[in-house]
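Understanding the architecture of this molecule
Residues per chain, in single letters:
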Amino acid sequence: SQQGEEDPQALSIQEGENATMNCSYKTSINNLQWYRQNSGRGLVHLILIRSNEREKHSGRLRVTLDTSKKSSSLLITASRAADTASYFCATDAMNNDMRFGAGTRLTVKP
Amino acid sequence: GAVVSQHPSRVICKSGTSVKIECRSLDFQATTMFWYRQFPKQSLMLMATSNEGSKATYEQGVEKDKFLINHASLTLSTLTVTSAHPEDSSFYICSAKNGLAGTEQYFGPGTRLTVT
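Since this is a predicted model, take the numbers as computed values, not measurements.

Listed by partner, the interface residues are 25 residues for chain B and 25 residues for chain A. Summed over both sides, the interface between chain B and chain A buries roughly 1700 Å², with carbon and sulfur atoms accounting for 50% of that surface. A salt bridge links A:Arg99 to B:Glu59, with the nearest nitrogen and oxygen atoms 2.9 Å apart. Where chain B touches chain A, the interface holds five residue pairs in polar contact (both at pLDDT 80 or more).

The next thing to look at is the environment of A:Ser71. Residue and element names in this part refer to chain A. Looking at the secondary structure, you find Ser71 in strand S8 (residues 71-76). Ser71 sits 63 residues away from Pro8 along the chain, and the two C-alpha atoms are 14 Å apart. Not counting chain neighbours up to four residues away, the residues in contact with Ser71 comprise Cys23, Ser24, Tyr25, Thr64, Leu65 and Asp66.

On to the side chain of A:Ser72, then. Residue and element names in this part refer to chain A. Residue placement: Ser72 occurs in strand S8. Engagement of the side chain of Ser72 in a polar contact is seen with the side chain of Trp34, the distance being 3.2 Å. Setting aside residues up to four positions removed in sequence, Ser72 forms contacts with Met21, Asn22, Cys23, Leu32, Trp34, Val63, Thr64 and Leu65.

Next up on the list: the layout of surface pockets. Put simply, the largest pocket is a space of about 490 Å³. A:Ser86, A:Arg105, B:Pro40, B:Lys41 and B:Gln42 are, among the 24 residues lining the largest pocket, the residues nearest its centre. Going through the elements one at a time, strand S9 (85-93) and strand S11 (104-109) of chain A are the ones with two or more residues in the lining of the largest pocket. Looking at the lining of the largest pocket element by element, the count peaks at four residues for S11(A).

The rules we used
- Residues numbered from 1 in each chain as written.
- Chains lettered and ligands numbered in written order.
- Predicted model: local features only at pLDDT ≥ 70, side-chain atom pairs only at ≥ 80, totals over all residues.
- Heavy atoms only, no water.
- Contact = heavy atoms within 4.5 Å.
- Buried area = accessible area lost by both parts, 1.4 Å probe.
- Salt bridge = Lys/Arg side-chain N within 4 Å of Asp/Glu carboxyl O.
- Polar contact = N/O pair within 3.5 Å; in protein donor to acceptor, adjacent residues only side chain to side chain.
- Helix = DSSP H or I, 4+ residues; strand = E, 2+ residues; numbered from the N terminus.
- 1 Å grid on protein atoms, 1.4 Å probe; cavity = no way out; pocket = protein on both sides within 12 Å on 5 of 7 lines; lining within 4 Å.
- Points joined across faces, edges and corners; volume = space filled by probe spheres on them.

Here it is in structure tokens:
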């Protein structure tokens, strides 16, 4: 079963705009990770945030984690057409397995 | 980062045949490996978790007699889809973890299975 939900399910923006995706989960976690997946391809690991961290940055990516609300957000700033992909959050739970959210399909229009 | 490979990357088989997919950790010992299935435009669904040398733990709704998992060594896990049917056509992704809960999980590139 999946761990949680992501919203929005689909997001379409213009190049240069920021994209924000949210993820909610249900159980206690060790860490939460965000992945990108281009259509029909494998996963690309973007960023890992541990349960004792609240915010993390990597280039144009900013991830927040609120363990009290069991939610996380991924912000992509100054989006590019190449950012078009599906984005998934995945939670690494206390029982050592990793489960994925439903994903957000991001389309960045040039 | 660590590398996980899968073989084959694509396979087409006839209905009723069995297909084996290999997942290898190339530069670390994978104490735990995971198998996921992804249908088009959907998320990854965990199928089973396997620890080296022991039986796999299957998620609810996943038939263990149909999806045979063998984690015979610290670098290799195999998933065999037995008596495959068209509805088994999917993208199968493995991942591997070295050690304790909370350590990073590394994903293979996936295997696209098409059953005709």
